[in-house]
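# Summary of structural features
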Amino acid sequence: MSSTGRRRPPTIHDVAREAGVSRGTVSRVLNGGHNVSPASADAVNAAIRRTGYVVNRHARSLITGRSDSVAFLLTEPQERFFEDPNFNVLLRGCTQALAAHDIPLLLMIAGNEPERRRISRFITAGHVGGVLLVSSHSGNPMAERLVKAGIPVVACGKPLGQSRMLAYVAADDRDGAREMVGHLIRTGRRRIATVTGPPDTPGGVERLAGYRETLAEHGMPVDERLVVPGDYSRSSGEAAAAELMRRAPDTDAVFVASDLMALGVMTALEQAGRRVPEDVAVAGFDDSPAALDSRPALTTMRVQWDRMSSEMVRVLLARIAGEEPSAVILPTELVRRDSA
């Protein structure tokens, strides 16, 4: 029974437990019975009848790859898809991971409410069997709508306020921020500012938290003049750096919550006559293709985009097969280059 008193539908785990076999054996029976002994197949089928387990209407076609598809749903304005290289890297990785299962991937962009309503109708009508939800902001209704409709969903990034109802795969944003700020401190920087991500995104929240915690651990109180918000765009990084130079011209390092914003920060510093890294060290986050476009080359935190893509696909296929929501947190890696 759930906490609301309603009986939850039986899952593939319940069938496996009832049959006395592994979850993998149940999955093989559901998908044709290959490499399953007759006795195990009989036990699984009997357990399905006893538990009342019903295969998700999308599951069989998706897992066998005979039909149907998966949606890559980006909840950002369309121009962000073309500006931010992370989305393209993630899309390519998910496409390749699904191709191994012969499952096509549909790109959908829902940056405003009319687009969200239209795409919700399309998805819930059964045209896709699962959704890879990318860049979901807190308060965005898409996740709740899809979950209520019974659509398997996996989020990229820890969903704010929804982590119990959604499966997700995320980078360890807080730990990565802590490592990067610690690196800046070890290089002798003492007036360390940050350009944050949006406060309604997991990266914005967790990376700012890591920044604050690390300064506090080193006895360096956070000066709120050194905290400037951005929206992950290059232009917002440029504007944030200009604001920092006005507020705190003695800033000697900037931890930026994305590589794309870091490029904007470096542009603004150059315009202000500040040298990187001699006058101001600059550090980004993501190790996206944008990090290699900067001069000097950008020190950043590497996110394992290829592994994130494959894990999102793995978790989504497990959800489609009836498994409970799960969370995967991937470590980040400090990449030292010339900017810090």
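Going by the annotation in an unreviewed UniProt entry, the name recorded for the protein chain is LacI family transcriptional regulator, with Streptomyces lycii given as the source organism.

Within the protein chain, residue pLDDT values average 89, and 92% of them lie at 70 or more. For residues 63–67, every residue scores under 50 in pLDDT, and the model assigns this stretch twelve contacts once sequence neighbours within four places are set aside.

With that out of the way, let us pick up the packing of helix H1 (residues 12–19) against helix H2 (residues 23–30). The interhelical angle for the contact between H1 and H2, taken along N-to-C directions, is 105°, at an axis separation of 8 Å. Judged by the angle between their axes, H1 and H2 are roughly perpendicular. Mapping the contact onto sequence places Ile12, His13, Val15 and Ala16 in H1 and Arg23, Val26, Ser27 and Leu30 in H2. Considering only residue class, the contact of H1 with H2 consists of five nonpolar, two polar and one charged.

Position of Glu311 among the secondary structure elements: in helix H13 (residues 305–320). Residue classification places Glu311 among the buried residues on the basis of a relative accessible area of 15%. Between the C-alpha atom of Glu311 and that of Val328, which follows or precedes it by 17 residues, the distance is 7.7 Å. Those residues in contact with Glu311 that lie beyond four places of it in its chain are Val169 and Val328. A distance of 2.8 Å separates the side chain of Glu311 from the side chain of Arg314, its partner in a polar contact.

Our focus in this paragraph is empty space enclosed by the protein. Tallying each qualifying case throughout the model produces two cavities of 30 Å³ or more. Roughly 440 Å³ of internal volume is contained in the largest cavity. Around the largest cavity sit 29 residues that line it, and Ser135, Cys156, Arg207, Tyr232 and Trp305 are the ones nearest its centre. Elements with a contribution of two residues or more to the lining of the largest cavity: helix H6 (85–99), strand E4 (153–156), strand E5 (167–171), helix H10 (202–217) and H13. Per-class residue counts for the lining of the largest cavity are 14 nonpolar, eight polar and seven charged. Each of domain 2 (70–172 + 306–331) and domain 3 (173–302) gives at least three residues to the lining of the largest cavity.

Taken in spatial order, the four strands line up as E7-E6-E8-E9 in an open sheet, and their pairing is parallel. One side of each edge strand has no neighbouring strand; the edge strands of this open sheet are strand E7 (227–229) and strand E9 (281–283). Going across the sheet, the axis of each strand differs from the next one's by a mean of 15°, ignoring polarity. One ladder, built from three bridges, connects strand E8 (residues 253–256) with E9; its direction is parallel. The residue bridging Phe255 from the neighbouring strand is Ala283, located in E9. Against the sheet, helix H9 (residues 173–186) makes contact with strand E6 (192–196), E8 and E9, and its axis sits at roughly 170° relative to E8, the strand it touches most. Along the sheet, helix H11 (residues 234–247) makes contact with E6, E7 and E8, crossing E7 at roughly 150°.

Here we take up the side chain of Ser120. The residue Ser120 is located in helix H7 (residues 113–127) in this model. On the basis of relative accessibility, which here comes to 8%, the residue Ser120 falls in the buried class. Each residue touching Ser120, except ones within four places of it in the same chain, is listed here: Met142 and Arg145.

Criteria and cut-off values
The numbers attached to residues start from 1 for each chain and follow its sequence in the written order. Local features in a predicted model are, by the rule used here, given only for residues with pLDDT of at least 70; side-chain atom pairs are given and counted only at 80 or more, and totals for whole chains, interfaces and linings are based on all residues. As a convention, hydrogens and water are excluded, and side-chain values are obtained from all of the structure's heavy atoms. pLDDT measures how confident the predictor is about each residue, on a scale from 0 to 100. In what follows, residue pairs with any heavy atoms lying within 4.5 Å of each other are defined as contacts. To obtain an axis, a line is fitted to C-alpha atoms, over the contacting stretch when the element is a helix, and the angle between two such axes runs from 0 to 180 degrees between their N-to-C directions. Put simply, DSSP H or I for four residues or longer makes a helix, DSSP E for two residues or longer makes a strand, and each gets a number counted from the N terminus. Orientation labels follow simple angle bins: below 35 degrees gives roughly parallel, above 145 gives roughly antiparallel, 65 to 115 gives roughly perpendicular, and whatever is left gives oblique. Residues were grouped as follows: Ala, Val, Leu, Ile, Met, Phe, Trp, Tyr, Cys and Pro as nonpolar; Asp, Glu, Lys and Arg as charged; and all remaining residues, including Gly, as polar. Using a 1.4 Å probe on the protein chains alone, a residue whose accessible area is under 20% of its type maximum counts as buried, one over 50% counts as exposed, and one in between counts as partly exposed. Two N or O atoms form a polar contact when they lie within 3.5 Å of each other; inside protein one atom must be a possible hydrogen donor and the other a possible acceptor, and for residues adjacent in sequence the pair counts only when both atoms belong to side chains. Only protein atoms enter the 1 Å grid used here, on which a cavity is any set of points holding a 1.4 Å probe that cannot leave and a pocket is any open set flanked by protein within 12 Å on both sides along at least five of seven lines; residues with an atom within 4 Å of a point are listed as lining. Grid points are joined across faces, edges and corners, and a volume is the space filled by probe spheres set on the points. For the domains described, the bounds stem from an automatic or database domain assignment. A pair of strands is considered paired only if DSSP assigns at least 2 bridges between the two.

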